[in-house]
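Analysis of the macromolecular model
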Amino acid sequence: MIMTIGLIGLGLIAPWWVSVIWIVIVTAAVRLKISHGLITSGLVVGFVWLIAAMFFSRSDPNEIMSKTANLLGGLSSGQFMVVTLLLGFITGILAGWFGSAVGQLVRVRSTTSPHT
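First, a word on scope: everything that follows refers to the structure included in this document. (Residues numbered from 1 in each chain as written. Predicted model: local features only at pLDDT ≥ 70, side-chain atom pairs only at ≥ 80, totals over all residues. Heavy atoms only, no water.)

**Some thoughts on the overall build of the protein chain**
Within the protein chain one finds five helices and zero strands. Ordered by position from N to C terminus, the α and β elements of the protein chain give α-α-α-α-α. Since a compact globule built from 116 residues should have a radius of gyration of about 13 Å, the 17 Å found for the protein chain marks it as more spread out than a globular shape. Taken over the C-alpha atoms alone, the protein chain extends approximately 60 × 25 × 20 Å along its principal axes. In the protein chain, which comprises 116 residues, the proportion classed as buried is 29%. The long-range fraction of contacts in the protein chain, counting pairs at least 24 apart against all pairs at least 6 apart in sequence, stands at 74%. For the protein chain, the exposed surface amounts to about 7500 Å²; the carbon and sulfur share of it is 75%. (Helix = DSSP H or I, 4+ residues; strand = E, 2+ residues; numbered from the N terminus. Rg over C-alpha atoms; globule rule 2.2 N^0.38 Å. Buried < 20%, exposed > 50% of the residue type's maximum accessible area, 1.4 Å probe, protein only. Contact = heavy atoms within 4.5 Å. Areas by Shrake-Rupley, 256 points an atom, 1.4 Å probe, with all protein chains shown as cover.)

In structure tokens form, the structure reads like this:
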């Protein structure tokens, strides 16, 4: 839920890559297992980007989304939505993997600290 709300909020006011940083921070802070971080963040980013693409394609008077789809080899609107979903999923997987790995590293370092 935190990931989704943050992605939507950041997507409205910041560049796309800030969302990736958000996912890394959340998965590291929560210290998700790597497998959970991959799945959760991949699904969240993929579906948030898909919903955003659907929203922007419907509310786009200049048809920028369809023009972009044409630049990508003449894709239809539906195919472009699938590409957006896949790119969001892959981006989320990578961000979740990195954030989970950082969270696991912090956990291992804190349990093996000589000052404990």
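So that's the structure; there's more coming.
**Regarding a nonpolar patch on the surface**
Together, Trp 16, Trp 17, Ile 21 and Ile 25 give the surface a local cluster of nonpolar side chains, amounting to about 460 Å² of exposed area. Mapped onto the elements of the fold, Trp 16 is located in helix α2 (residues 16–30). The exposure class assigned to Trp 16 is exposed, which follows from its relative accessible area of 54%. (Patch = residues over 30% accessible without salt bridge, like charges linked within 9 Å, V, L, I, M, F, W, Y side chains within 5 Å. Salt bridge = Lys/Arg side-chain N within 4 Å of Asp/Glu carboxyl O.)

**Concerning the packing of helix α1 (residues 2–13) against helix α3 (residues 34–58)**
Look at α1 against α3: their axes get within 10 Å of each other, and the N-to-C directions meet at 35°. Of the two elements, α1 crosses α3, and the hand of that crossing is right-handed. Side by side, α1 and α3 meet where Met 3, Thr 4, Leu 7 and Ile 8 of the first sit next to Thr 40, Ser 41, Val 44, Val 45 and Val 48 of the second. (Axes fitted to C-alpha atoms, helices over the stretch in contact; angles between N-to-C directions. Left-handed = near helix turned anticlockwise from the far one by under 90°.)

**Structural notes on unusual backbone geometry**
For Arg 31, which is not glycine, the phi dihedral falls at a positive 60°. Structurally, Arg 31 is set in the loop between α2 and α3.

**Digging into α3**
If you check α3, its first and last C-alpha atoms are 36 Å apart, about what 25 residues at 1.5 Å a residue would give, namely 36 Å. Inspection of α3 places Gly 37, Ser 41, Gly 42, Val 44, Val 45, Gly 46, Val 48, Leu 50 and Ala 53 among the buried residues, and these make up the whole buried set. (Expected span 1.5 Å × (residues − 1).)

**Points about the nonpolar core**
Core analysis: the biggest nonpolar cluster contains nine residues, these being Met 3, Leu 7, Ile 23, Val 24, Val 26, Val 44, Val 45, Val 48 and Ala 95. Residue assignment for this core shows that the elements contributing at least two residues are α1, α2 and α3. In this view, Val 24 contacts Ala 95, Phe 98 and Gly 99; residues no more than four positions away in its chain are not counted. (Core = buried A, V, L, I, M, F, W, Y, C linked by side-chain atoms within 4.5 Å.)

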